[in-house]
Amino acid sequence: MKRLFIAAGVLLATQATAETPVLTVYTYDSFVADWGPGPAVEAAFEEVCDCDLQFVAAGDGASLLSRLRLEGARSKADVVLGLDTNLTAAARETGLFAPHGIEAELDVPRPEAWRDELFLPYDWGYFAFVHDREKLPQPPETLEELANSDVSIVIQDPRSSTPGLGLLLWVKAVHGDGAEAIWEGLSDNIVTVTPGWSEAYGLFGEGEADMVLSYTTSPAYHRVAEEDDSKAAAIFPQHYMQIEVAGKLAASAQPELADQFLSFMVSDAFQSIIPTTNWMYPVAMPEDGLPDGFDAPLAEDKALLFAPDEVPAQREAALAEWQRALSK
Amino acid sequence: MTRSGPGWVAAGIVAALILGPLVAVFMRAEAGAQVLTSDWSAVRFTILQAALSALLSIALAIPVARALARRAFRGRGILITLLGAPFILPVIVAVLGLLAVFGRAGIVNTALAWLGLPPVSIYGLQGVVLAHVFFNLPLATRIILQGWQGIPSERFRLAANLGLSGVQVARFLEWPMLRAVVPGALMVVFAICLSSFAVALTLGGGPRATTVELAIYQAFNFDFDLGRAARLAVIQLVLAGSAAVVAFWAAVPAGFGAGLGRVVRRWEAETWGARALDAGWIGLAAGFLIVPLAMIFLNGVSGLTQVPGAVWRAAGVSVTIALISTALCVALALSLAMVRRGWAEVVALMGIAVSPLVIGTGLFVIVNPWMDPARLAMPVTALVNALMALPFAMRVLAPDVARTEADFGRLADALSLRGWARLRWLILPRLRPALGFSAGLAGALSMGDLGVVALFADPDFATLPLQMYRLMGAYRMEAAAGAGLILLALSLGVFWIFDRGGRGDVDA
């Protein structure tokens, strides 16, 4: 019986594809979850495109790029959504992407660092250490203060996690050659280093550490979804940014649809979905403003970002320092 | 040689499925990839933690298995089923359960603070080993318990007639059994800890606790250095292979002869001292295993109401995959076990000795030019899960097949019982408990697995562990705890049905 349904489904699907064009978008796994942006984005885009938008989920941002490299020009993908600016240098090197041709003004700080003819931002955030206001009423105010304090933190591994890499670059951007000393100072604050964001945030939730590396937008989740105002992000003089981007494949069989999707991506219909599903800042302020519970983003003078082509060299040096400092 | 015919076929399938992808990754890689210095320190740490975890798991499992083998008490059956639980939990669920007990804000440290004692830290090598013992002690206990139950009750009866003391029983009956069973159990725990990734990293406390699996992940995802990833996978394979060789060299088959399979009564152990000792071991093991499980249960109950419908759909997908995977795994394991040769065990061991990331990538490289990998999401997941569970199923089945053949083989030969008839009338009936246990392990392991490879992910067929991680990734920790509880219950259910079915009405 079940097999019959599946067979019928396959048949219907094949018929449908014969009539409407299919746009294949590769993205990371959490984007397509029922509670992620995926379903709403799909519905909204299919309303205007007269097409079938199909998401293909491939792990996290880094595995997304690996998959693309494995497939090369044969990839079925028309659009890849979910790389961040730390990955775009490597993505550019593959030669698989085509210019997006969109000139929109986006509400994202440091445009001189992220502007890129191949990759277009769709959301962004600041990395920050999140804490519980009641348990830690006076959090440290700089990286250095944190390193000298006895506040315990959980961080992510820069070798397997994008926030982990973000912190690595944050420390490097602020302290340059002094970064290794900061990491040595931080080593006794670090309870543990987790493979990904979820494990770290889970550990923080269980009370394993005073602070966790996350985003300035994290407290908004607790306020909006849980009506819990106890979580806060400690504001430092400067914060490293994460900018998530999408790009169009040069070998796409649906270049017009891909262009249409990228324009749609920076329009209000897509952008208004982002805050309460991906819990990041939209790149174009929604018509109704940010949802209640979201603080306005920190001012531009607080934003740190390495340009994509600087990242590989910085990452390599910083990773070696990180490993040395934390292995002592 | 009809008996090993299916074994050769099974071995061929397994080897092709594991070595094929490995070769595919090598061929896809650019030449000149080197294993880095930092990778070698990862190899050292990996061996250290795997060896410590294996030794400690087995050292603790021996007295616990002995206590369970010679005591009958109320709740023993449930305890034995619960013994399967930690092994099948997704890593993050188990880790959070352990942290609720041993973490900074956990029960142990709260109690220590109350007593005015300094806190203990779970983070570091000790935490990695603790978690691995939590995962593997139960499995080791079950494997060794099976060994104890393989000693015919007639031998203990004879020992009692001869008036042998506890020490003498240990020397003449239990020691030979342990010589036969323990090396294999050590090997399998060692091999599974070799590919540890999330446990080692989460509880290891930092880059000192880098394992080979993380180095593979890094090589693959951050450096896109396929050659290095494949070389590291070969190192893992060689390490597990060496462990297997040592285990076969060290294992001495025990020859107890045949028994009637009656319930064992242990006359020499009916002293108050022995009773207290056994009660102590059972209590300790039960506490160590059940308290974290209870915390997972308590955390999950409040999240159950928040579990979205997608999780229940995913539960259906996971159960389906688990059943297919179980059938595949048991068929492969039985075919390999019938061969009764060392190489068959080495082949079976490859399933956990090779990085899932490398297998997944290799399969993807092979499949992708021909068809959409997402369409193969279900079969590939079931197949890879079956391969991962194969060494465990094999570890459980092989000793019983060997014992059955040793005890009844000649009789069966004399009766010209061959091929299917031999399997039907001799092997399968005597193997029923081992088959049930191995099917339970295979099913439950598949339930808890994280959908193996992201490369084959099909958005519409997310598995339960994957949905759980997605909930965590979207801040929904309570709902994730609820999903974790559902996963625990379903895994235990699958395990219990097979295991109990295997034990039938035998009081094992």
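Residues numbered from 1 in each chain as written. Chains lettered and ligands numbered in written order. Predicted model: local features only at pLDDT ≥ 70, side-chain atom pairs only at ≥ 80, totals over all residues. Heavy atoms only, no water.

Here we come to the overall build of chain B. Helices and strands together make up the secondary structure of chain B, namely 20 helices and zero strands. Here the C-alpha radius of gyration of chain B, 23 Å, is about what a compact globule of 508 residues would show, namely 23 Å. The dimensions of chain B, computed from C-alpha atoms along their principal axes, are 65 × 65 × 45 Å. In chain B, which comprises 508 residues, the proportion classed as buried is 58%. (Helix = DSSP H or I, 4+ residues; strand = E, 2+ residues; numbered from the N terminus. Rg over C-alpha atoms; globule rule 2.2 N^0.38 Å. Buried < 20%, exposed > 50% of the residue type's maximum accessible area, 1.4 Å probe, protein only.)

Residue and element names in this part refer to chain A. Per the domain assignment, the segments making up chain A are domain 1 (2-124 + 242-282) and domain 2 (125-240 + 300-327). Placing a centre on the C-alpha atoms of domain 1 and another on those of domain 2 gives a separation of 28 Å. Listed per partner, the contact involves 18 residues of domain 1 and 23 residues of domain 2. Between domain 1 and domain 2 the total buried area reaches about 1800 Å² when both faces are included, carbon and sulfur atoms providing 62% of it. (Domains from an automatic or database assignment. Contact = heavy atoms within 4.5 Å. Buried area = accessible area lost by both parts, 1.4 Å probe.)

Okay, the domain arrangement of chain B next. Residue and element names in this part refer to chain B. Segmenting chain B into domains produces domain 1 (1-32 + 304-508) and domain 2 (33-294). Roughly 4300 Å² of surface becomes buried between domain 1 and domain 2 when both sides are summed, with 74% attributable to carbon and sulfur atoms. Together, L349, L357 and R395 form the three largest contributors to the area buried by domain 1 at its contact with domain 2, with a combined 13%. Residues R142 and D499 are paired through a salt bridge, measuring 3.0 Å at the closest nitrogen-oxygen approach. Linking domain 1 with domain 2 are five residue pairs in polar contact (both at pLDDT 80 or more), by the criterion used here. Listing elements by their share of the side of domain 1 that touches domain 2, those giving two or more residues are helix 1 (5-28), helix 15 (342-353), helix 16 (356-367), helix 17 (377-414), helix 18 (419-448), helix 19 (464-473) and helix 20 (477-503). (Salt bridge = Lys/Arg side-chain N within 4 Å of Asp/Glu carboxyl O. Polar contact = N/O pair within 3.5 Å; in protein donor to acceptor, adjacent residues only side chain to side chain.)

Residue and element names in this part refer to chain B. Between helix 5 (residues 91-102) and helix 19, the shortest axis-to-axis distance is 10 Å and the interhelical angle comes to 60°. The orientation of helix 5 relative to helix 19 falls into the category oblique. Residues I92, V93 and L96 of helix 5 pack against M468, Y469 and M472 of helix 19. Class assignment of the residues belonging to the contact of helix 5 with helix 19 gives a composition of six nonpolar, no polar and no charged. (Axes fitted to C-alpha atoms, helices over the stretch in contact; angles between N-to-C directions. Parallel < 35°, antiparallel > 145°, perpendicular 65-115°, else oblique. Nonpolar A, V, L, I, M, F, W, Y, C, P; charged D, E, K, R; others polar.)

Many analyses report the size of an interface as the accessible area lost when the parts associate. Each partner contributes residues to the interface: chain B has 56 residues there, and chain A has 58 residues. Here chain B and chain A share an interface that buries about 4800 Å² over both sides, 59% of which is from carbon and sulfur atoms. Linking chain B to chain A there are five salt bridges. K76 of chain A is paired through a salt bridge with D372 of chain B; the nearest N and O atoms lie 3.4 Å apart. If you look at where chain B meets chain A, you find 20 residue pairs in polar contact (both at pLDDT 80 or more). Looking at which element gives the most residues to the side of chain B that touches chain A, the answer is helix 19 of chain B, with seven residues.

On to the packing of aromatic side chains. Under the criterion given, the structure shown has 30 aromatic pairs over all chains. With a centroid separation of 6.0 Å and an interplanar angle of 0°, the aromatic rings of W279 of chain A and F294 of chain A are classed as stacked. Linking W279 of chain A in the loop between helix 14 (275-278) and strand 11 (281-282) with F294 of chain A in the loop between strand 11 and strand 12 (303-304), this pair joins segments that are 15 residues apart in sequence. Judged by relative accessible area, which is 9%, F294 of chain A ranks as buried. One aromatic cluster is present, formed by W124, Y126, W197, Y201, F204, Y221, W279, Y281 and F294 of chain A together with Y475 of chain B through successive ring pairs. The ring of W114 of chain A has R115 of chain A lying over it, and the distance from NZ or CZ to the ring centre is 5.5 Å. The ring of W272 of chain B is capped by R275 of chain B, whose NZ or CZ atom sits 5.4 Å from the centre of that ring. (Phe/Tyr/Trp six-rings, centres within 6.5 Å; stacked < 30°, edge-to-face > 60°. Lys NZ or Arg CZ within 6 Å of the ring centre and 35° of its normal.)

Next up on the list: the state of the cysteines. Summed over all chains, the structure comprises one disulfide over all chains. In this model, C49 of chain A is linked to C51 of chain A through a disulfide, with the two sulfur atoms separated by 2.1 Å. Around the S-S axis, the bridge from C49 of chain A to C51 of chain A shows a dihedral of about -90° and counts as left-handed. With no disulfide partner, C193 of chain B has as its closest neighbouring cysteine sulfur the one in C329 of chain B, 19 Å distant. (Disulfide = S-S within 2.5 Å.)

In total, this model carries 24 salt bridges over all chains according to the counting rule given. Residues D29 of chain A and R470 of chain B are paired through a salt bridge, measuring 2.7 Å at the closest nitrogen-oxygen approach. With D29 of chain A in helix 2 (residues 29-32) and R470 of chain B in helix 19, this pair bridges two chains. Among the residues examined, D29 of chain A registers a relative accessible area of 12% and is labelled buried. The residue D39 of chain B makes a salt bridge to R228 of chain B at a minimum N-O spacing of 2.8 Å.

Here chain B averages 83 in pLDDT, while 93% of its residues score no lower than 70. Predicted as a complex, the structure gets a pTM of 0.86 and an ipTM equal to 0.85. (pLDDT = per-residue confidence, 0-100.)

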